[in-house]
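What the coordinates show
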Amino acid sequence: MNIIFVYLKKYRVAAIAALLMMLIELSVELAQPYLISKIIDSGIQQRDTGVVWLWGGVLAGSAVIAFGAGVLSSFFAAHASQGFAFDLREKLYKRVQSFTYAVFSRFETSSLITRLTQDVTQLQDTIFMGLRFMTRVPLVVLGSVLMALIVHVRLGLMLAVTLPLLIVFLLWMLKRSSALFRSVQQRLDDVNGSIQENLTGIRLIRIFVRMGHEISRFAARSGELMQATVAALRLTETTAPLIMLIVNIVILAVLWYGRIEISTGDATLGQTVAVINYSLRTIGAMSALSGIMATFSRARASAGRVEEVMAADAAGSEWTGSPEHAHAKTAPVDPNGRMRAEKVKPIRGKVEFRKVGFSYPGSGLAVLEDVSFTVHPGQRVAILGATGSGKSSLVGLIPRLYEQSAGEILVDDIPVAGMDIARLRGAIGYVPQEVLLFSGTVRDNIAWGDEHATQAQIERAAAAAQIHDTVAELPLGYDTLLGQRGVNLSGGQKQRLSIARALVRRPPILILDDSTSALDAVTEGRLLDELQQLSCTTFLITQKISSSVSADLILLLDEGRLIASGTHPELMASSPLYRAICESQDREAWDHVQSIN
Amino acid sequence: MFKALIEPFRHPKLGLGLGEARGLGAANSRKPKAKARDSRAALKRIWSYLAKRKAKLTLVLLMVMFSSGLSLLGPYLISRAVDHYLEGSGGRPWLLFLITLALVYLLNALTSWLQNIWMIEIAQETVLRMRADLFTHLHRLPISFFNRRQQGEIMSRLTNDIENISSTLNSSAIQIFSSVLTLVGTVGVMLWLSPLLTLLTFIVVPLMTLGMRWITRRTGPLFKERQKNMGELNGFIEETLSGQRIIKAFSQEERVIAGFRERNNRIMLSGYWAQSISGFIPKLMNGLNNLSFAIVAGVGGLLAIRGIVTVGVIIAFVEYTRQFTRPLNDLANQWNTLLSAIAGAERVFEVLDEPTEAKDEGAAVSLERVNGAVTFTDVSFSYDGENETLHGISFEAKPGEMIALVGPTGAGKTTLIGLLSRFYDPDKGRITLDGKDLTKVKRESLRSHMAFVLQDTFLFRGTIRDNIRYGKLDASDEEVEAAARLAGAHPFIMRLHGGYERMLSVGGGGISQGQKQLLAIARAILADPSMLVLDEATSSIDTVTEIKIQEGLRTLMKGRTSFVIAHRLGTVRAADRILVLRGGRLEQQGTHDELLRQGGLYSDLVRGAAKEQGEA
């Protein structure tokens, strides 16, 4: 919950103003029963019309003042809460963007999205409500008790003594219910997660005829959710009637004792009525409590989730030294987010690994061990190896998506660990294994690699990636809209588009992480020819010997170790595994058959 | 009349769901009516769910009536006390009075407690049933439904809309009922106590109506604007977080942060005005409440001096005016919650009304055993009813044969498999299995004899063991491991942290694409089907691994009719029959040798390919 105050601090003037306005409103309302008792005792009982007119007028006038204050408080509260949400959202998003990829991967994407959207909105609403209602409730209660004491000490005491009881009861309830609501939330997440999973895997479930299995699993989960919900709500719904009952007993006592006091002349009718009125107001305020309690515990959960993200960076730094966070502050970036060219010496593309080892954080298993090799600018490296041999991890280390745990990686003879990360990544064109396109047009997606690219540059990149002709055939050409994740293109087309996105940057270093798998051999061949002409250092993760034959350097990985490296003829001579791969693969370029159109 | 009274108080924020739904139909003047009928239909269906607990529901309604009545009785009794007992003397009736009041209070607390507790149970049971129905229905919908819709959109119906209904049923439903009762009761008692004072109190009602109208007219568009901005921001967040790897690798953080700031700013501006102005609503209610308080106290005081009303009546009125505006306020809020829940319910029922995967015909049979003889006779199919994806396909697969499907992306290979597994049924022509028309075979029965290794491997959240066991739920640990060994997945699993007990997140994060496919193959092996479909199953597996699993796959395919969409000539050459597809047509079919001898497309291609390879 601390986070609320930290981020609200900037808007304290507005927040305090909103609270002040609320206090004005409140004092008007608290004065009402007192004024009524005046009307009864000095007006009606004494048959004095002047007094009635006077206090009646005061009541009406203060109502107008209270209304004015209320309207103003709305503006102040909106200003504070909107500003708060803006700042928090921005800070949170920046924080997420500044995460190292390793830290980012620790969170599920969907949960980060929820934190950025729903949780922030929840906190914002809580502040808006808090500045206008929530703080008001305890004040109404306290003020009512205080006023009751002022009106008549002994009668007021009746109300005052129950107050500690009510407070203790409420605190206990708050604690219990927030624990219960946490479990509700957890179960709800389970249920929703299970729905998500089923939607994604619906085809598989059909195929394996596991509908019944899934339905009964879901039934169990939603049954648990129901039980948790009923338990939590049952508790909160008990609060209001119980408080009402307690205060009502106070009213009974006031009536009983008030009558005695009136008969002895120690109290007036108006005073007794006023104390009863204050008791009723206490009930009114407290009846809003269960709602506030629910809001409060939700807000607390949201604040916890947001704080977790804010704190994650520090936790991640144990492992990474959080270089990207530092970069976010220091990177030379102009308003367009582009690096200033004059500050950066162009990277030529020499890449060297020296005894590099790597394991994912939190797992002791070495993914890479003792890998060393050197690639000169413009060379092509083919990386081969069995599934899980560490190919993707190896290329992921070059743009520092992850940091190696041993050894050194150098680009242009400079250790990447000391390099400005924006400069390093600016020199790398990366095509990941799983295609990720953004919503927008084809052009947007290619230009995503370089937002200043001209149409000619975009088309050149598309042509090199062998997608230009396909795009040209689309009804709107480069202006064709892609759905989220490019739903209306085939896998191979999407792959080529993401290659074009990398090529448009004319990167000195290009990484293709098995990104030609959906391409047929002809297309792939043409693509490789184009890459040759671009003369960038290329890392090509592949499974096809056909694309490794012409490589300047072949790296053969097995279980995280570099078991052979060299050119095709060299490896044919020296590596039995490489020979086995070659023999197993058909050299007849079978894939050509698949490419006919 | 009731609706007209409430309408101006509606808080625009919550009603938005419906507002938008209406907005869509705005072009057609008849639409709103249709919409109202839909709402009624939705209400009726919610009722049919609730009606399963009719007895308990009746009890709840009874409790609501009691508690509303009792809460009216409280202030009245106090006014009696003020007028008759407080200043008087005497013993018995006073004690009796106090006991009566105590009883009223006790019963009031009890009835309102019971109504809430019972309603929660009814509501949650109802929601449970709705969830279960929806979920079950989802698994009966044709696959084409999921192709048509965005996953996020279906997801929101299953989660947000249901949640909405749940919270509404929990409280809003009975609150509306009790608010109405309290409102009517309060006005009745007030009129009975003093018609004059009642009339004076009601002076504020037109003021309230006017004020509300002023406010809602402004907030409606503002909230719509804010909602639009919110949607944009959320979309932006979702996309940039899903694409985080790319953003990092391309070093585009600053750029997306700038894009984020722009959207965040828009949301703040629209949110500021929407929130400020809608924040007037409670303030207006409060202000007018205070005003009516002043009227009751002032004018009531004057009337009391003339002896027209008693002090007790004033006291009662002070309380009743508060009781009068509170339910109005509640009603306004609850009404919105209710409307948005109904809108949500409509969206939920819309899914429930989607026709299920064409019911298995009455005559459809379950297959005990399948030999795996498949024939396609002149089969045509189109997804949209216009452009044929498959056209006049005919071929025959004998039991145990291996059929290779060959052709460029978009040739219709995956569609053909979809027809075979009855995700879709052909528009024209006929597919038979062991001589039976496929449409006469129960889908579930058909699929239980097939196993698939699909292009997109899907893994569930759970252990690796659970994921493999999905192929056969009652498989022993040994069977699971044997299947994994056969698939060649065992070595990599053993090297993973946790081995078979390693937890996988949704989509199988943490292991590579190829490893996912190995698991999928193990799963299929475990399922031990009569027919097997491998849809580019080995595309992401490198040769080394493939060598290792080839043996397993061969074992798997032995004696089973297999349909393989493969990239490698080695696989294709081993096929008993090769189907060469192009543009939805079956260009050629036969064995590798036959096709080569035949000449034509296939042989040209193979020869051409070899030649080109030689030149390179």
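Quick notes on the rules
- Residues numbered from 1 in each chain as written.
- Chains lettered and ligands numbered in written order.
- Predicted model: local features only at pLDDT ≥ 70, side-chain atom pairs only at ≥ 80, totals over all residues.
- Heavy atoms only, no water.
- Helix = DSSP H or I, 4+ residues; strand = E, 2+ residues; numbered from the N terminus.
- Buried < 20%, exposed > 50% of the residue type's maximum accessible area, 1.4 Å probe, protein only.
- Areas by Shrake-Rupley, 256 points an atom, 1.4 Å probe, with all protein chains shown as cover.
- Contact = heavy atoms within 4.5 Å.
- Pairing = 2+ DSSP bridges.
- Right-handed = clockwise from strand over helix to strand, strands pointing away.
- Salt bridge = Lys/Arg side-chain N within 4 Å of Asp/Glu carboxyl O.
- Buried area = accessible area lost by both parts, 1.4 Å probe.
- Phe/Tyr/Trp six-rings, centres within 6.5 Å; stacked < 30°, edge-to-face > 60°.
- Lys NZ or Arg CZ within 6 Å of the ring centre and 35° of its normal.
- Axes fitted to C-alpha atoms, helices over the stretch in contact; angles between N-to-C directions.
- Parallel < 35°, antiparallel > 145°, perpendicular 65-115°, else oblique.
- Left-handed = near helix turned anticlockwise from the far one by under 90°.
- Patch = residues over 30% accessible without salt bridge, like charges linked within 9 Å, V, L, I, M, F, W, Y side chains within 5 Å.
- Expected span 1.5 Å × (residues − 1).
- pLDDT = per-residue confidence, 0-100.
- Nonpolar A, V, L, I, M, F, W, Y, C, P; charged D, E, K, R; others polar.
- Core = buried A, V, L, I, M, F, W, Y, C linked by side-chain atoms within 4.5 Å.

**Structural notes on the overall build of chain B**
Scanning chain B from terminus to terminus reveals 23 helices and twelve strands. A total of 616 residues make up chain B; the buried ones form 57% of that total. Of the roughly 25,500 Å² that chain B leaves accessible, carbon and sulfur atoms contribute 56%.

**What to know about the overall build of chain A**
Scanning chain A from N- to C-terminus turns up 23 helices and twelve strands. Out of the 597 residues belonging to chain A, those deemed buried represent 59%. Considering only residue pairs separated by 6 or more positions, chain A has 76% of its internal contacts joining residues 24 or more positions apart. Summed over all atoms, the accessible surface of chain A reaches about 23,200 Å², with 58% contributed by carbon and sulfur.

**A look at the pairing of strand S10 (residues 537–541) of chain A**
Residue and element names in this part refer to chain A. In terms of burial, S10 is largely enclosed, as five of its five residues are buried. Neither face of S10 is left uncovered, since the one carrying Thr537, Phe539 and Ile541 and the one carrying Thr538 and Leu540 both have all their residues buried. Of the strand pairs in this sheet, strand S3 (residues 380–385) and S10 are connected by four bridges, and their pairing is parallel. Considered in S10, the bridge of Ala382 is made with Leu540. With five bridges joining them, strand S9 (residues 509–513) and S10 adopt parallel strand pairing. Its bridge partner lying in S10, Leu512 is registered against Leu540. Crossover S9 to S10 through helix H19 (residues 521–534) is right-handed.

**Observations regarding the pattern of salt bridges**
Considering all chains together, one arrives at 42 salt bridges over all chains under this definition. Ionic pairing is found between Lys355 of chain A and Asp370 of chain A, a salt bridge with its closest N-O pair at 3.9 Å. In this pair, Lys355 of chain A sits in strand S1 (residues 351–358) while Asp370 of chain A sits in strand S2 (residues 368–375), placing the two residues 15 residues apart along the sequence. Assessed through its relative accessible area of 56%, Lys355 of chain A is described here as exposed. Overlapping salt bridges, with partners in common, bring together Arg465, Arg469, Asp477, Glu481 and Glu501 of chain B in one network.

**Some details on the interface of chain B and chain A**
A common measure of how large an interface is: the accessible area buried when the components associate. Across the contact, 163 residues belong to chain B and 164 residues belong to chain A. For the pairing of chain B and chain A, the buried interface totals around 15,600 Å² over both sides, and the portion due to carbon and sulfur atoms is 65%. Of all residues in chain B, Arg245, Phe250 and Lys283 of chain B bury the most surface against chain A, accounting for 5% of the area lost on that side. Applying the counting rule to chain B against chain A returns four salt bridges. Residues Arg425 of chain A and Glu253 of chain B are paired through a salt bridge, measuring 3.5 Å at the closest nitrogen-oxygen approach. No other element matches the 22 residues that helix H5 (residues 92–138) of chain B contributes to the side of chain B that touches chain A.

**With respect to the packing of aromatic side chains**
For any pair of aromatic rings, the description consists of the separation of the ring centres together with the inter-plane angle of the planes. Taken as a whole, this structure holds 20 aromatic pairs over all chains when the rule is applied. Here the aromatic rings of Phe145 of chain B and Phe146 of chain B are separated by 5.2 Å at their centres, their planes lie at 90°, and the arrangement is edge-to-face. Exposure class is identical for Phe145 of chain B and Phe146 of chain B. Each is buried. Members of the aromatic cluster, connected to one another through ring pairs, are Phe75 of chain A together with Tyr272, Trp273 and Phe280 of chain B. Arg210 of chain A extends its terminal NZ or CZ atom over the ring of Tyr470 of chain B, reaching a point 5.8 Å from the ring centre.

**Remarks on the environment of Asn277 of chain A**
With respect to the secondary-structure elements, Asn277 of chain A resides in helix H10 (residues 269–287). Take Asn277 of chain A: its relative accessible area is 3%, and that puts it in the buried class. A C-alpha to C-alpha distance of 9.0 Å links Asn277 of chain A and Tyr34 of chain A, two positions 243 residues apart in sequence. Excluding anything up to four places from it in sequence, Asn277 of chain A contacts Pro33 of chain A together with Val318 of chain B.

**Some words on the packing of helix H9 (residues 204–242) of chain B against helix H11 (residues 253–278) of chain B**
Residues and elements named next belong to chain B. The geometry of H9 relative to H11 is characterised by a closest axis approach of 8 Å and an angle of 160° between their N-to-C directions. On the basis of the axis angle, H9 is roughly antiparallel to H11. Crossing hand, H9 versus H11: left-handed.

**A short note on the sheet that holds strand S4 (residues 428–433) of chain B**
Residue and element names in this part refer to chain B. Ordered by their spatial adjacency, four strands build an open sheet running S2-S1-S4-S5, and the pairing between neighbours is antiparallel. Only two strands of the sheet have a single partner each, and these edge strands are strand S2 (388–397) and strand S5 (436–437). Bridge analysis of S4 against S5 gives two bridges, and the strand direction is antiparallel. Residue pairing in the sheet places Thr432 in a bridge with Asp437 of S5.

**Thoughts on a nonpolar patch on the surface**
Residues and elements named next belong to chain B. Together, Leu59, Leu61, Leu62, Met65 and Phe66 make up an exposed nonpolar region whose accessible area comes to about 430 Å². As for its position among the elements, Leu61 is in helix H4 (residues 54–85). According to the relative accessible area criterion, Leu61 is partly exposed, its value standing at 34%.

**Let's talk about the side chain of Ser178 of chain B**
Residues and elements named next belong to chain B. With respect to the helices and strands, Ser178 occurs in helix H7 (residues 151–193). Overall, Ser178 belongs to the buried group, its relative accessible area being 16%. Non-local contacts of Ser178, meaning those with residues more than four positions away in its chain, are made with Val64 and Ser68.

**Here's the deal with helix H12 (residues 280–305) of chain B**
Residues and elements named next belong to chain B. For H12, which comprises 26 residues, the first-to-last C-alpha distance of 37 Å matches the rise-based estimate of 38 Å (1.5 Å per residue) to within 8%. Across the 26 residues that make up H12, a large majority, 24, are buried. Of the residues flanking the end of H12, it is Gly307, one or two places downstream, whose phi is positive at about 80°.

**Quick look at the confidence of the model for chain B**
Residues and elements named next belong to chain B. Across chain B, pLDDT averages 79, with 84% of residues at or above 70. pLDDT under 50 marks residues 1–34. Its contacts with residues more than four places away, or in other chains, come to 55 contacts. This model gives residues 610–616 a pLDDT under 50, and the stretch forms five contacts once residues within four places in sequence are excluded. Quick note on the complex model: pTM equals 0.68, ipTM equals 0.74.

**Some thoughts on the packing of H7 of chain B against helix H13 (residues 311–353) of chain B**
Residues and elements named next belong to chain B. At a minimum axis distance of 5 Å, the contact between H7 and H13 shows a crossing angle of 155°. Of the possible angle classes, the one that applies to H7 and H13 is roughly antiparallel. The handedness of the crossing between H7 and H13 is left-handed. For the contact of H7 with H13, a count of residues per class yields 23 nonpolar, 14 polar and six charged.

**Describing the sheet that holds strand S3 (residues 402–406) of chain B**
Residues and elements named next belong to chain B. One open sheet accounts for six strands, arranged S6-S9-S10-S3-S11-S12; its pairing is mixed. If you trace the sheet from one side to the other, it starts and ends with strand S6 (450–453) and strand S12 (585–590), each paired once. Pairwise comparison of adjacent strand axes, ignoring direction, gives a mean angle of 15° for this sheet. Across five bridges, the pairing between strand S9 (residues 531–535) and strand S10 (residues 561–565) is parallel. Residue pairing for S10: Asp535 is matched across the bridge by Ile565. Sitting on the sheet, helix H14 (residues 413–420) is in contact with S3, S6, S9, S10 and strand S11 (577–582), with an inclination near 155° to S10.

**Quick look at the nonpolar core**
Of all hydrophobic cores here, the largest spans 190 residues; its most connected members are Leu255 of chain A together with Phe376, Ile393 and Phe563 of chain B. The element best represented in this core is H13 of chain B, accounting for 20 residues.

**Details of the environment of Gly349 of chain A**
Residues and elements named next belong to chain A. Mapped onto the elements, Gly349 comes out in the loop between helix H12 (323–330) and S1. Residues Gly349 and Asp412, spaced 63 residues apart in sequence, show a C-alpha to C-alpha distance of 6.2 Å. In contact with Gly349, not counting residues within four places along its chain, are Val375, His376, Pro377, Asp412, Pro508, Ile509 and Thr537.

**Quick word on the environment of Ile521 of chain B**
Residue and element names in this part refer to chain B. Structurally, Ile521 is set in helix H19 (residues 513–527). On the accessibility criterion, Ile521 (1% relative accessible area) is buried. Through-space distance from the C-alpha of Ile521 to that of Gly471 is 9.7 Å; in sequence the pair is 50 residues apart.

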